[in-house]
Structures are given as structure tokens and as C-alpha cells.
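Reading the structure
The chain contents come next:
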Amino acid sequence: MAPAREAGIRAGDIIIAVDGQTVDSAAALMAVVDGLDSDTAEVTVRRGEETASFTVTPAPADDGGGRLGLWLRDGVAGIGTITYIDPETGAFGALGHGVNDADTGVLLPVGQGTLCQARILDVKPGLSGAPGELSGAFDGTGLIGQIDSNTSCGIFGTVTGDMSRLPQAVPIGTPEEIVSGPATILACVSGRTVEEYDVEISRTGMAAGGGRDLMVCVTDPDLLAQTGGIVQGMSGSPILQNGKLVGAVTHVYVTE
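The rules behind each value
- Residues numbered from 1 in each chain as written.
- Predicted model: local features only at pLDDT ≥ 70, side-chain atom pairs only at ≥ 80, totals over all residues.
- Heavy atoms only, no water.
- Core = buried A, V, L, I, M, F, W, Y, C linked by side-chain atoms within 4.5 Å.
- Buried < 20%, exposed > 50% of the residue type's maximum accessible area, 1.4 Å probe, protein only.
- Contact = heavy atoms within 4.5 Å.
- Salt bridge = Lys/Arg side-chain N within 4 Å of Asp/Glu carboxyl O.
- Helix = DSSP H or I, 4+ residues; strand = E, 2+ residues; numbered from the N terminus.
- Arc of directions from axis to C-beta.
- pLDDT = per-residue confidence, 0-100.
- 1 Å grid on protein atoms, 1.4 Å probe; cavity = no way out; pocket = protein on both sides within 12 Å on 5 of 7 lines; lining within 4 Å.
- Points joined across faces, edges and corners; volume = space filled by probe spheres on them.

**Looking at the nonpolar core**
Ranked by size, the top nonpolar core spans 20 residues in total, and within it Leu-134, Ile-185, Leu-223, Met-234 and Ile-239 carry the most contacts. Leave out the neighbours within four places in its chain, and Ile-185 touches Glu-195, Glu-196, Tyr-197, Val-199, Leu-223, Ile-230, Met-234, Pro-238, Ile-239 and Val-249. By size, the runner-up hydrophobic cluster in this structure holds 14 residues, among which are Val-18, Val-23, Val-45 and Val-56.

**What to know about the pattern of salt bridges**
Under the counting rule described, the total for this entry stands at one salt bridge. As a salt-bridge pair, Lys-244 and Glu-177 come within 2.6 Å of each other at their nearest N and O atoms. With Lys-244 in strand β16 (residues 244-248) and Glu-177 in the loop between β11 (154-159) and β12 (181-187), this residue pair connects regions lying 67 residues apart in the sequence. Under the relative-accessibility criterion, Lys-244 is labelled partly exposed at 25%.

**Observations concerning helix α2 (residues 26-34)**
For α2, the full list of buried residues reads Ala-26, Leu-29, Val-32 and Val-33. Down the axis of α2, the buried set is contained in an arc of 125 degrees. They therefore lie on one face. Facing away from the buried side of α2 by over 90 degrees, the exposed positions are Ala-27 and Asp-34.

**Section: the confidence of the model for the protein chain**
In low-pLDDT regions, the fine details of the predicted coordinates are not to be read closely. Taken over all residues, the pLDDT of the protein chain has a mean of 84, while the share at 70 or more is 93%. Within the protein chain, the element-level pLDDT minimum falls on strand β6 (residues 66-67), averaging 66, and the maximum on strand β15 (residues 238-241), averaging 96.

**Brief notes about the layout of surface pockets**
Volume-wise, the second largest pocket comes out at about 1400 Å³. Along the wall of the second largest pocket there are 49 residues; nearest its centre are Leu-214, Ile-239, Ala-248, Val-249 and Thr-250. For the lining of the second largest pocket, the secondary structure elements donating two or more residues are β7 (82-85), β8 (91-94), β13 (195-206), β14 (212-218) and β16. Top element by residues in the lining of the second largest pocket is β14. It accounts for seven residues.

**Re the environment of Phe-156**
Mapped onto the elements, Phe-156 comes out in strand β11. Placed 99 residues apart in sequence, Phe-156 and Thr-57 show a C-alpha to C-alpha distance of 39 Å. For Phe-156, the contacting residues outside a window of four places in its chain are Tyr-84, Phe-92, Gly-93, Gln-146, Ile-147, Asp-148, Ser-149 and Thr-151.

**Regarding the environment of Phe-54**
Locating Phe-54 in the fold gives a position in strand β4 (residues 50-56). Taking C-alpha positions, Phe-54 is 53 Å from Glu-196, a pair spaced 142 residues apart along the chain. Residue contacts for Phe-54: discarding those within four places in its chain leaves Ala-7, Gly-8, Ile-9, Ala-41, Glu-42, Val-43, Val-45 and Arg-47.

**Considering the environment of Thr-158**
Note that Thr-158 resides in strand β11. C-alpha separation for the pair Thr-158 and Ile-144, spaced 14 residues apart in sequence, amounts to 8.8 Å. Here Thr-158 is in contact with Thr-89, Gly-90, Ala-91, Phe-92, Gly-145, Gln-146 and Asp-148, once residues within four sequence places are set aside.

Listed below in C-alpha cells is the structure:
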């Protein structure tokens, strides 16, 4: 049975209250549901920019309580790459693509999020049909930023840690300056060391937002030996051409 779905609740809805009681975590929601003294529950959700309420009739559970039939997710964590940090404001952008729910594909909203240091411990090289990935460990004590938004173009926020060790800033290239030909990417595929690797911008085209879409082919023999090309975890790696930041790695073609 799926009482919540039958009542009209959809995948991606954000539950904000049950019977008028505010809930901000899966544990808080379950505590409210366990304490229900009626046969129905009024579930309030945020769907996009709107708020809606649905009357759900919980299904009986083996322990005598009720179940709303909800798959709940409190948060996610993963490894990605920072694309840029503005040295004057501390504003950063990372990933180059949004963070979606693994089961529904819905873009996840940000209640709160943190940026922390990580150490790359292993690489699963990419192969035809398999994207490969970076594996690493988070340093929970090394929080370096706050995530404010998750969009289809990446995650954005503000660096709160020490910025005195940032590398020298580079200018931003305009879409008109981007051309097919040699370029480089900055990536960390071992430990915490960021290296510059050769790539080739093989194709450019106008993007829907007014910028450019780039197709990049890894040509650097060292990176190919370590990863086989672009792998998961390298999303956000900055693309540099002629000394300017012109884009970010966002996806990998698994067939190549």
C-alpha cells in the first residue's frame, strides 16, 4: 500500500508539517506519526514554490502503529570538485551539475549544507559502458564552506575557511573567446594534490543559457593512465584555455 501517493503526495515533495506540527527531519516526522490520535494525518508539503496539504490515512503496521508509505531522505553526501572561488567575496561554485535524488532524479533542495575537505584514496578507472569514479574520505573537522543553493548548473555558496592559500586568480573567458583546440583541466585524483592536465576542446556550441556547451577529450597520458579519462568525482573540474577559466567538467560519455 502507498497511502501518501494515493493521497496525492509526489516524489520530490518536501514535508514541512504533519497535523500542524513542524517537522525538519525523518526522525521528527516519525515521532509525530507515532503520536497520532486519529485515523488520518494532514501532511503539508512544499512543492516548488507552492505549499499544499493532503489528508493521508496511514496503513496499519505490525507494531500496531501506522505507516504513511513515504520514502524519506534527510540528506546526501558525495565527492565533487570546486570550479571557482571568488577571492574578493569567497563565493564558490562546484560540480557544474545539480545534485539529484538517487532514486527519483528530483533536484534536491538545500535546507543546509557544508563544504569540507576530502582526500582521494582510490580511483576506479572509466571503461566503455562504465563511468568510473573517485573514492575518498571526508574530513568532518575541515569544514571550509557553506552551501546555499543546488541548481541545475551546480552547487553554490560561500567559503568560510582560510582563503590565504588560494592559488593566483585567473580571468574568466567569454563565450566568444572559447575555441576548439588545446586546453587544460585542474583535477585532484590522488590525495589532496591538484594537478593540471591536457585536454582538447573538440566541439563548442551555444547553450540554452547564453554560454557555450563544450565537448572535451582528455589527451593527457598521465590522467589517462590513472583514470581512463573523466570519472565521477571530477565534476566541477575547471577548464582553462589561454589562461582563462572557460568552463567546468560536468558529465562523462560512458560509451567512450
